[in-house]
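Next come the chains, spelled out residue by residue.
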Amino acid sequence: MGMDLSTLRTLISRYCVAKIPRQQNSLLQVHILELYTEEYVRAVQESRQLYFLIIFLVQLIIDTPTSPITSGLPLFFVITVTAIKQGYEDWLRHKADNSVNQCSVLVVQHGKVVRKQSRNLTVGDVVLVKENESFPCDLILLASSRDDGTCFVTTASLDGESSHKTYYAVQDTSAYNTEQEVDSIHATIECEQPQPDLYKFVGRINIYMENEPTARPLGSENLLLRGATLKNTDYIYAVAIYTGMETKMALNYQSKSQKRSAVEKSMNAYLVVYLCILIGKAIVNTALKYMWQADPNRDEPWYNDRTDTEKQRHIVIRAFTDFLAFMVLFNYIIPVSMYVTVEMQKFLGSYFIMWDDEMFDEELGERAVVNTSDLNEELGQVEYVFTDKTGTLTENNMEFIECCVDGHVYVPDAICNGQLMPDAVGMDMIDTSPGPGAREHEELFFRALCLCHTVQVKEEETVDGIKHGIHQGKSTSFYISSSPDEVALVEGMKRLGFTYLRLKDGHMEVLNREDEIERFELLEVLTFDSVRRRMSVIVRDGTGELYLFCKGADSSIFPRVVSGKVDQVRARVERNAVEGLRTLCVAYRPLSPEQYQEVCHLLNAAKLSLQDRDKRLAEAYDIIEKDLILLGATAVEDRLQDKAADTIESLHKAGMKVWVLTGDKMETAAATCYASKLFHRNTQILELTTKRTEEQSLHDVLFDLSRTVLRQHGGMTRDTFSGLSGDCPDFGLIIDGATLSAVMRPGQEDANSGNYKEIFLEICRNCSAVLCCRMAPLQKAQIVKMIKTSAEHPITLAIGDGANDVSMILEAHVGIGIMGKEGRQAVRNSDYAIPKFKHLKKILLVHGHYYYIRISELVQYFFYKNVCFIFPQFLYQFFCGFSQQPLYDTAYLTLYNISFTSLPILLYSLIEQHINMEILKKDPSLYRDIAKNSLLRWHNFIYWTVLGVYDAIVMFFGAYFLFDNTTFTSNGQMFGNWTFGTLVFTVLVFTVTFKLALDTHYWTWINHFVIWGSLIFFVVFSLLWGGIIWPFLNYQRMYYVFMQMLSSGPAWLSIILLITASLLPDVLKKVIWRALWPTTTERIQNADKLYKGHLSEFTPLASLHAPSKAGSHRRGSGNHRSAAHPRRSEPFNKKLMFTRWQRKPDYSTFTPLLRFTDGSRHTLQGHGYGGAGPETSV
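Residues numbered from 1 in each chain as written. Predicted model: local features only at pLDDT ≥ 70, side-chain atom pairs only at ≥ 80, totals over all residues. Heavy atoms only, no water.

Asker: Would you mind showing me how to read the overall build of the protein here?
Answerer: Secondary structure assignment for the protein yields 39 helices and 39 strands. Looking at the 1178 residues of the protein, the share that counts as buried comes to 56%. Long-range contacts, defined here as pairs at least 24 residues apart, represent 75% of the contacts in the protein between residues at least 6 apart. Accessible surface computed for the protein: about 48800 Å², of which carbon and sulfur atoms make up 56%. (Helix = DSSP H or I, 4+ residues; strand = E, 2+ residues; numbered from the N terminus. Buried < 20%, exposed > 50% of the residue type's maximum accessible area, 1.4 Å probe, protein only. Contact = heavy atoms within 4.5 Å. Areas by Shrake-Rupley, 256 points an atom, 1.4 Å probe, with all protein chains shown as cover.)

Printed below as a string of structure tokens:
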């Protein structure tokens, strides 16, 4: 009977995989591959660094007017900082990999338990795993510490589900509880090749008992996946089936696509423009140089030290060399340091989200998490929000509300057997008594819900460190399951008098109302799947009667029912669905012994098949689950999350369109949308559902809806309105998954039907909100991609909490994961993670707003200060015979962007607050002022560039004309070219720093220290650089130049006059624009100064908005009202408000419980004037 484990290992490896992989460094290899692949793609996309490298090489190869250090040092600085950032992140990944690869695993060898590192596990090793430990590889469960051979597992790290799942040991090995017994197993395993599907596994184990093999099927219920965690089970023995990169977790690895923000795309576009300007400057100077030297009396300046050989080269070679030299001289117009400053700003700025105490959830003990700092500013540009419903808008905390048996309603602790309970005096409804004849059906219904589930009973007092089941100081049992709905149903039955006790020795025990224990033998479990949308159990009661109990969605139960009060139950199901409750129907079927034998034969044949097992099981289930007798239905409530409605209302006011993508039925999802204020009482609902397309063709329905919305809006899309007004009809669209598939189908059979996708998009654009129900995970991603790639290319955000939301989170421009009860799959694949849906309001309206304002100023300011920096160098060539003579000293060229002007703008981009945080939260409409990348549009870019050219001209020609005549210092020395360049550079540094100071609204001691400290550092550096003879320099052309300049009174006067002349036009423009055409932001800034920072406490913000222009429309303006739909979570006196409805639900006529008005008016988005960039709106 016994067999050495090496034989088992050999046989498993023979049938499972041709090669036994090693576990070592599997995660590390994946991460390193990801890192270098991503960096390679990023390097190709960001070819700007290649450009800077070429400039540096040109300086090394040919004789250029500037030292290679001037380009090499900034490039080295950029690469170093980037490498440190990437290296730090890689070190964190490497540290995490080592914690996995080097963790200790208990392995059974020769009847003893030994320790191995997880990297050394191989196929066929028998592993001992204890409670709360993770599985090191994919395992087949052989034995468990539990008597029934089961174990509980959480798979949160794999599929996002944190609830407990039950797995089963192989039937013939489940009794082996010692190392010696497990070591004696004689068996072979046949299984499929490794595949990534987490929910599918097909295999067979042949156990040799006295040389006679016994075949047992292996399925997903026997497979323990790597990364899952053992819970509430002392220990298990399991055999390794897939290891290393062949585990399902490794096969599911998916690298994130590189997401690039709108600001980064604008930066690259500006870079191209400045590159063209640079090439144009070089070409113009090269041409003018040879035109100037065409005169025989003019030649190459003597100080360029050109040899006769160089002068005698072909003119094309000389011209090309001069072109490269001019490129090097002017290349500072493209700021290499801007990109490292942007990287630092994003990296450091992300900590403000993680440090935000308002986004800390005490219940979870979690803060917001930033997984991708590259998209911070994209949070301020969102136009579409796609959200999941269950666990995102709702709490995913199920509460049993009522059940209906043959049309009679039972509410726990309120109505039972038609009698009003003492605690329910405030209820509107008293049901009629079911009568004695229906009592049998009633109790059969309660027994069905106590038996048809996969709930497990936990006797201990604590689970995962949390106390459960404490009643009057004593430890009692409580329920755990992979489905919170099942726990709610079993607990509801307990409140109605039927208590599920336990599963023991293959028997389910139920305590009835008479405190008698009923035992049912559990024969088969037909597990739930998303295709059937139902589950069943086959049990034998104490009298030997056989029953099949089935529960599932109404759409999957009603077609299989042959008798029962279908109409009464269906009416109740529809009524509860309209209220937003999750409904299930319950049915049963008595089985004869002959029918049961047939069922067993069908199931065993399907389970033992290695080919198409799922298909054969589905066929068997379809045959078994028929001819059912309807018992009744249940209603479970999933409450809205705290402040979910307020968050959605704020997003609407901010100009964002919110779409709900859910797998729930239409009625339930629609009720949730009303309660969350996605739909309002005056919202006109447009339905694009299977029910309607069955009555009309899809073509006709789409064109009818299109005519409806376009007729009301007069051909203008809602994007043109940028919102709603009281005069503009408010449309809401509901579409289901089946209709969406038809709409998204690439080619329609009817050639005259037109493009359905474009018509659908046109309808959606004119709807304030869209509800997509019965959605598959892939369809969620398709919806996001469709909007993302539409003609307007809007910025999209997807938010969800479960594994089924990962696809849309990865597809959207910005993906946000909710730290909910469905695990961490969405969190790990997201760009940002927040504890609750309500935190979305602050991360978008406050953090997103600030990030965009800050980085917009940073980008424009960097280009501006480099135009100011290099344009005088271009003008200087006209006065030095185009000899490529630099205007500034090498030290100034090198340190201008690295030291003298970098820290003030970096600090500005981290802490600037142009408007108080509380005002941004109070008035979401301010988000519209920065929509559609408004601060980085071309007119703003041109303004900053023209401003830079103007300042450069003032600095250069101002200094030139002020010192046109020979000017002497106090000791009689004349100003030379280095003194002239130093004077221009001094004016430049002070001007660009003062410009930033004028744009700063939020002053702290740090601002003062950095801004004035940078200027002091420049002065001190210049004094030291020119006041000391440095031994490492071959020549020191700046010796005593700065001090000589400062010793001249006219120089001081010139610096003051030129700084004033440079800043004056921008200041005047701001003052005039702010006085005559103020933006909403500027109005609030002025009022906030008037109230000394207490505007948010005293002033109605609507009064500060600019008056509406003719034809402009905003959502939330006028007497726009919203209504929350009645919810079952209200007290009992409101709980049964549905009894007032006597007709089919009308989505647009629900009685509101909550109302609000907002009389604010807003100007058209963009404010349509050609003023300055960020400074005009802060």
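After presenting the structure, the write-up continues.
Asker: I would appreciate a short explanation of the UniProt feature "transmembrane region" (unreviewed entry) in the protein in the present structure.
Answerer: With numbering matched to this structure, UniProt assigns "transmembrane region" (unreviewed entry) to residues 269-292, 323-342, 891-911, 941-963, 975-997, 1009-1033 and 1039-1064. Between the end C-alpha atoms of residues 269-292 there is a gap of 35 Å, over a span that is 100% helix and 0% strand. Along residues 323-342, the helical share is 75% and the strand share 0%, with 31 Å between the first and last C-alpha atoms. (UniProt positions renumbered as here; feature names shortened; annotations may be inferred.)

Asker: Which parts of the structure should I look at to understand the sheet that holds strand S8 (residues 203-209)?
Answerer: Either a parallel or an antiparallel arrangement is found when strands of a sheet pair, and the pairing is made through backbone hydrogen bonds. Across the sheet, 3 strands lie side by side as S7-S8-S9; this open sheet has antiparallel pairing. The two strands at the open ends of the sheet, each matched to only one other strand, are strand S7 (187-191) and strand S9 (212-218). Geometrically, the sheet is characterised by an average inter-axis angle of 20° between neighbouring strands, direction not taken into account. Note that S7 and S8 share 5 bridges and pair antiparallel. Along S8, the bridge assignment pairs Ile-189 with Ile-205. (Pairing = 2+ DSSP bridges. Axes fitted to C-alpha atoms, helices over the stretch in contact; angles between N-to-C directions.)

Asker: Is there a simple way to think about the packing of aromatic side chains in this case?
Answerer: Centre-to-centre distance and the angle between the planes together describe a pair of aromatic rings. One pass over the full model with this rule turns up 57 aromatic pairs. Look at Phe-956 and Phe-957: their rings are 5.2 Å apart centre to centre, the planes differ by 90°, and that puts the pair in the edge-to-face class. Residue classification places Phe-956 among the buried positions, given a relative accessible area of 1%. On the basis of relative accessibility, which here comes to 26%, the residue Phe-957 falls in the partly exposed class. A cation over a ring is seen here: Lys-281 above Phe-330, with NZ or CZ 5.8 Å from the ring centre. (Phe/Tyr/Trp six-rings, centres within 6.5 Å; stacked < 30°, edge-to-face > 60°. Lys NZ or Arg CZ within 6 Å of the ring centre and 35° of its normal.)

Asker: It is not clear to me how the nonpolar core should be interpreted in this structure. Could you clarify?
Answerer: In globular proteins that are soluble, nonpolar side chains generally tend to be buried together. By size, the foremost hydrophobic cluster in this structure holds 85 residues, and its most contacted members are Met-338, Val-859, Tyr-888, Phe-985 and Leu-988. Per element, the largest residue contribution to this core is 17 residues, and it comes from helix H28 (residues 839-876). (Core = buried A, V, L, I, M, F, W, Y, C linked by side-chain atoms within 4.5 Å.)

Asker: Looking at this structure, I do not really get the UniProt feature "binding site: Mg(2+)" (unreviewed entry) in the protein. What am I missing?
Answerer: UniProt marks Asp-388, Thr-390, Asp-801 and Asp-805 with the feature "binding site: Mg(2+)" (unreviewed entry), using the numbering shown here. Spanning 418 residues, the annotated positions come together in the fold, the maximum distance between their C-alpha atoms being 10.7 Å. In this structure, Thr-390 sits in the loop between strand S14 (384-387) and strand S15 (394-405). Inspection of the secondary structure assignment puts Asp-801 in the loop between strand S37 (796-800) and helix H26 (806-811). For Asp-801, a relative accessible area of 0% gives the class buried.

Asker: Got a minute to help me understand the environment of Phe-326 in this structure?
Answerer: Note that Phe-326 resides in helix H10 (residues 315-330). Contact partners of Phe-326, with chain neighbours within four places excluded, come to Ala-282, Asn-285, Thr-286, Lys-289, Gln-877, Phe-882 and Gln-884.

Asker: I keep staring at the environment of Tyr-176 and nothing clicks. Help me out?
Answerer: Here Tyr-176 shows up in the loop between strand S6 (161-168) and helix H6 (179-183). Accessibility expressed as a relative area gives 16% for Tyr-176, which makes it buried. Counting along the chain gives 32 residues from Tyr-176 to Ser-144, while the straight-line C-alpha distance between them is 8.2 Å.

Asker: Can you walk me through the side chain of Asp-805 in this structure?
Answerer: With respect to the secondary-structure elements, Asp-805 resides in the loop between S37 and H26. Every residue in contact with Asp-805, bar those within four places of it in the chain, is listed here: Asp-388, Lys-780 and Gly-800.

Asker: I keep staring at helix H12 (residues 439-451) and nothing clicks. Help me out?
Answerer: The α-helix winds at 3.6 residues per turn, so residues separated by three or four positions along the chain end up facing the same way. If you check H12, its first and last C-alpha atoms are 18 Å apart, about what 13 residues at 1.5 Å a residue would give, namely 18 Å. The buried fraction of H12 is high, at 10 of 13 residues. Along H12, the positions that sit buried rather than exposed are Glu-442, Glu-443, Leu-444, Phe-445, Phe-446, Arg-447, Ala-448, Leu-449, Cys-450 and Leu-451. (Expected span 1.5 Å × (residues − 1).)

Asker: Explain the packing of helix H33 (residues 977-999) against helix H36 (residues 1049-1076) here, please?
Answerer: Working note: a packed helix pair is described by the angle between its axes plus the distance between those axes. Where H33 contacts H36, the two axes come as close as 9 Å, and the packing angle between them is 35°. Handedness of the crossing formed by H33 with H36: right-handed. On H36, the residues that touch Leu-983, Thr-986, Val-987, Phe-990, Thr-991, Phe-994, Lys-995, Leu-998 and Asp-999 of H33 are Ala-1051, Ile-1055, Leu-1058, Ile-1059, Ser-1062, Leu-1063, Asp-1066, Val-1067 and Lys-1070. Taken together, the residues that form the contact of H33 with H36 break down as 11 nonpolar, 3 polar and 4 charged. (Left-handed = near helix turned anticlockwise from the far one by under 90°. Nonpolar A, V, L, I, M, F, W, Y, C, P; charged D, E, K, R; others polar.)

Asker: Got a minute to help me understand the sheet that holds strand S2 (residues 112-117) in this structure?
Answerer: Strand order in the open sheet made by the 6 strands is S2-S1-S3-S12-S4-S10, with antiparallel pairing throughout. The two strands at the open ends of the sheet, each matched to only one other strand, are S2 and strand S10 (223-224). Pairing of strand S1 (residues 104-109) with S2 involves 6 bridges; the strand directions are antiparallel. Looking at the pairing, Val-105 lines up with Lys-116 of S2.

Asker: Looking at this model, I keep getting lost on the pattern of salt bridges. Mind explaining?
Answerer: For side chains bearing opposite charge, pairing can occur when the charged atoms are close. For the coordinates displayed, the defined rule picks out 38 salt bridges. Across the salt bridge formed by Glu-190 and Arg-204, the nearest N and O atoms sit 3.4 Å from each other. One end of the pair, Glu-190, is in strand S7; the other, Arg-204, is in strand S8, and 14 residues separate them in sequence. Arg-204 sits in the partly exposed class, given a relative accessible area of 22%. Linking Arg-447 and Glu-518 is a salt bridge whose minimum nitrogen-to-oxygen distance equals 2.7 Å. Taken together, the residues span a long stretch of sequence, with Arg-447 in helix H12 and Glu-518 in strand S27 (residues 517-529) at a distance of 71 residues. The class for Glu-518 is buried, based on a relative accessible area of 16%. Residues joined by salt bridges that share partners form a network here, namely Asp-356, Glu-358, Lys-842, Glu-918 and Lys-921. (Salt bridge = Lys/Arg side-chain N within 4 Å of Asp/Glu carboxyl O.)

Asker: Just to check I follow, could you spell out a nonpolar patch on the surface for this structure?
Answerer: Taken together, the side chains of Trp-1003, Trp-1012, Ile-1016, Val-1020, Leu-1024 and Ile-1028 present a nonpolar region at the surface, about 520 Å² in accessible area. The residue Ile-1028 is located in the loop between helix H34 (1005-1027) and helix H35 (1041-1046) in this model. The exposure class assigned to Ile-1028 is partly exposed, which follows from its relative accessible area of 35%. (Patch = residues over 30% accessible without salt bridge, like charges linked within 9 Å, V, L, I, M, F, W, Y side chains within 5 Å.)

Asker: Sorry, what's going on with unusual backbone geometry here?
Answerer: For residues besides glycine, phi is generally negative; the peptide bonds are generally trans as well. One non-glycine residue, Asn-132, lies in the positive phi region at around 70°. Counting through the fold element by element, Asn-132 comes out in the loop between strand S3 (126-130) and strand S4 (138-144). Overall, Asn-132 belongs to the partly exposed group, its relative accessible area being 46%. One non-glycine residue with positive phi stands out, namely Lys-932, at about 55°. A relative accessible area of 37% means that Lys-932 is categorised as partly exposed.

Asker: Could you clarify how one ought to interpret a negative patch on the surface in this entry?
Answerer: A surface patch of like charges, here negative, comprises Asp-197, Asp-612, Asp-614 and Glu-619. With respect to the helices, strands and loops of the structure, Asp-197 is situated in the loop between S7 and S8. Judged by its relative accessible area of 33%, Asp-197 falls in the partly exposed class. (Lys, Arg positive; Asp, Glu negative; His and termini not counted. Charge placed at Lys NZ, Arg CZ, Asp CG, Glu CD.)

Asker: What is the right way to look at the pairing of strand S26 (residues 507-511) in this model?
Answerer: Moving residue by residue along a regular strand, the side chains alternate between the two faces of the sheet. Relative to S26, strand S25 (residues 499-504) runs antiparallel, the two being bridged by 5 bridges. Bridge assignment links Lys-504 to a residue of S26, and that residue is His-507. Pairing of S26 with S27, which is carried by 5 bridges, proceeds in the antiparallel orientation. Pairing of Met-508 across the sheet is with Phe-520, part of S27. The loop that links S26 with its antiparallel partner S27 comprises 5 residues; one of these, Asp-515, has a positive phi angle of about 60°.

Asker: Help me out: how do you make sense of the confidence of the model for the protein in this one?
Answerer: A low pLDDT means the predicted coordinates there should not be read in detail. A residue-level look at the protein finds 75% of positions with pLDDT of 70 or above and a mean pLDDT of 76. Within the model, the stretch residues 415-432 combines pLDDT values under 50 with 47 contacts to residues more than four positions away or in other chains. Note that pLDDT drops below 50 for residues 748-754; the model gives that stretch 9 contacts with residues more than four away or on any other chain. (pLDDT = per-residue confidence, 0-100.)

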